[in-house]
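A closer look at the structure
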Amino acid sequence: MDANLMHISYESGVLENPNHHAPSDIYQMTKDPAGSPDLPEKLEITFEKGMPIEVKNLNSGETKTDALELFLYLNEVGGRHGVGRIDIVENRFIGMKSRGIYETPGGTILYHAHLDIEAFTMDKELRKIKQALSIKFSEQVYQGFWYSPECEFTRHCITKSQEGVAGTVTLAIFKGQVQILGRMSPLSLYNEELVSMDVQGDYNPVDAGGFIKINALRLQEYRRLRQKKDEENPAK
């Protein structure tokens, strides 16, 4: 067992058989979702530059703004609703596969909330790059290269990408699940009039015709080449 503020991980023993079900009493941070409260707990999580700065419990009115207290509180809320349990087979740095069971209640809540506000506020092409960097960053941390130049560079790029990630996400915690209910942001790239099917905004659907034709050229050429190959080498 390896425990810290973020999570608890379990390995070895009966878990080394990947088909052996984990003992029900192994979990220490989270309650069994089947026995968790029968009413959802609603939270508002506010972000600034990609970092959570406030958590408000809409059921109780309780609010946390200190970074440590905020995270411990989300561990508490997620724990009592059975959030953040996973059972996975992962790849170790040295090449072998291993099975691990993780409990990450607060981290799971923050992950879903941040993912949502990021999609709401970040340009799609920037987000593609950031998502690729996130995978690279997780590899660097997992393999122990936090103090490497490449990890320093990756962290710098991810931090830069978060400059416009600000706003509040409302979510419900219930029976092991994190459900996004809504979001708002002063820096949102969402334009309600532009995407509306009821109001004519600046976007004209007719404009999509040229876009579709241009993108179809590549597919048409691919099909032409395939037909040529089929004619030269008919199936026997």
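Data block above holds the structure.
The structure reproduced in this document is the subject of the present report. These numbers were taken from a predicted model, which means no experiment stands behind them.

1. Some thoughts on the overall build of the protein chain
- Each helix and strand counted, the protein chain has six helices and nine strands in total.
- The C-alpha atoms of the protein chain give a radius of gyration of 23 Å, which is well past the 18 Å a tight globule of 236 residues would have.
- Residue burial in the protein chain is summarised as follows: out of 236 residues, 31% are buried.
- In the protein chain, 61% of the contacts between residues at least 6 apart in sequence involve partners at least 24 apart.
- Accessible surface computed for the protein chain: about 15,900 Å², of which carbon and sulfur atoms make up 56%.
- Charge separation in the protein chain, taken as the distance between the mean sites of 27 positive and 34 negative side-chain charges, equals 8 Å.

2. Focus: the nonpolar core
- Formed by 21 residues in total, the largest nonpolar core has its most connected members in Leu-43, Ile-45, Leu-74, Ile-109, Leu-171 and Ile-173.
- Listed by contribution, the elements that provide at least two residues to this core are β3 (41–48), α1 (67–80), α2 (105–121) and β8 (167–174).
- Each residue touching Leu-43, except ones within four places of it in the same chain, is listed here: Val-55, Lys-56, Asn-57, Leu-58, Leu-74, Val-77, Ile-109, Val-169, Thr-170, Leu-171 and Ile-173.

3. Points about helix α3 (residues 124–142)
- Taking 1.5 Å per residue, 19 residues should reach 27 Å; α3 reaches 27 Å between its end C-alpha atoms and fits that length.
- Where α3 is buried, its residues contact α2 and α4 (149–161).
- Trailing α3 by a residue or two, Gly-144 shows a phi angle of about 85°, which is positive.

4. Describing the sheet that holds strand β6 (residues 85–91)
- Overall, antiparallel pairing links the four strands, which are arranged β1-β2-β7-β6 in an open sheet. Looking at the sheet topology across the chains shown, the edges are occupied by β1 (2–3) and β6.
- In terms of strand pairing, strand β2 (residues 8–10) meets strand β7 (residues 97–103) through three bridges, oriented antiparallel. Among the inter-strand pairings, Ser-9 is bridged to a residue of β7, identified as Tyr-102.

5. Examining the packing of α3 against α4
- Interhelical geometry of α3 versus α4 gives an angle of 145° and a closest axis separation of 10 Å. The two elements α3 and α4 meet at a crossing, and its hand is left-handed. Along its contact with α3, which presents Leu-126, Lys-130, Leu-133, Ser-134, Lys-136, Phe-137 and Gln-140, the element α4 presents Glu-150, Cys-151, Thr-154, Arg-155, Cys-157, Ile-158 and Ser-161.
- Its residues placed into classes, the contact of α3 with α4 shows six nonpolar, four polar and four charged.

6. Observations regarding the pairing of strand β9 (residues 177–184)
- Across seven bridges, the pairing between β8 and β9 is antiparallel. Across the sheet, Thr-170 pairs through a bridge with Gly-182, a residue of β9.
- Here β8 hands over to β9 after two residues, with Lys-175 in that stretch at a positive phi of 50°.

7. Points about the sheet that holds β3
- Spatial strand order, β5-β4-β3-β8-β9: five strands in an open sheet with antiparallel pairing. What marks the edges here is a single partner per strand, and that holds for β5 (63–64) and β9.
- Seen against the sheet, α1 touches β3, β4 (51–57), β5 and β8 and runs at an angle of roughly 50° to β4.
- Across the sheet, α2 touches β3, β4, β8 and β9, and the angle it forms with β9 is around 35°.

8. Thoughts on the pattern of salt bridges
- This model, assessed by the stated rule, comprises 13 salt bridges.
- When the shortest N-O distance is used, the salt bridge between Glu-11 and Arg-92 registers 3.4 Å. Of the two residues, Glu-11 sits in the loop between β2 and β3 while Arg-92 sits in the loop between β6 and β7, which places them 81 residues apart along the sequence.
- Accessibility expressed as a relative area gives 34% for Glu-11, which makes it partly exposed.
- Taking relative accessible area as the criterion, Arg-92 reaches 33% and is therefore assigned partly exposed.
- Among the charged side chains, a network of salt bridges with common partners joins Glu-41, Glu-76 and Arg-80.

Calculation notes
- Residues numbered from 1 in each chain as written.
- Predicted model: local features only at pLDDT ≥ 70, side-chain atom pairs only at ≥ 80, totals over all residues.
- Heavy atoms only, no water.
- Helix = DSSP H or I, 4+ residues; strand = E, 2+ residues; numbered from the N terminus.
- Rg over C-alpha atoms; globule rule 2.2 N^0.38 Å.
- Buried < 20%, exposed > 50% of the residue type's maximum accessible area, 1.4 Å probe, protein only.
- Contact = heavy atoms within 4.5 Å.
- Areas by Shrake-Rupley, 256 points an atom, 1.4 Å probe, with all protein chains shown as cover.
- Lys, Arg positive; Asp, Glu negative; His and termini not counted.
- Charge placed at Lys NZ, Arg CZ, Asp CG, Glu CD.
- Core = buried A, V, L, I, M, F, W, Y, C linked by side-chain atoms within 4.5 Å.
- Expected span 1.5 Å × (residues − 1).
- Pairing = 2+ DSSP bridges.
- Axes fitted to C-alpha atoms, helices over the stretch in contact; angles between N-to-C directions.
- Left-handed = near helix turned anticlockwise from the far one by under 90°.
- Nonpolar A, V, L, I, M, F, W, Y, C, P; charged D, E, K, R; others polar.
- Salt bridge = Lys/Arg side-chain N within 4 Å of Asp/Glu carboxyl O.

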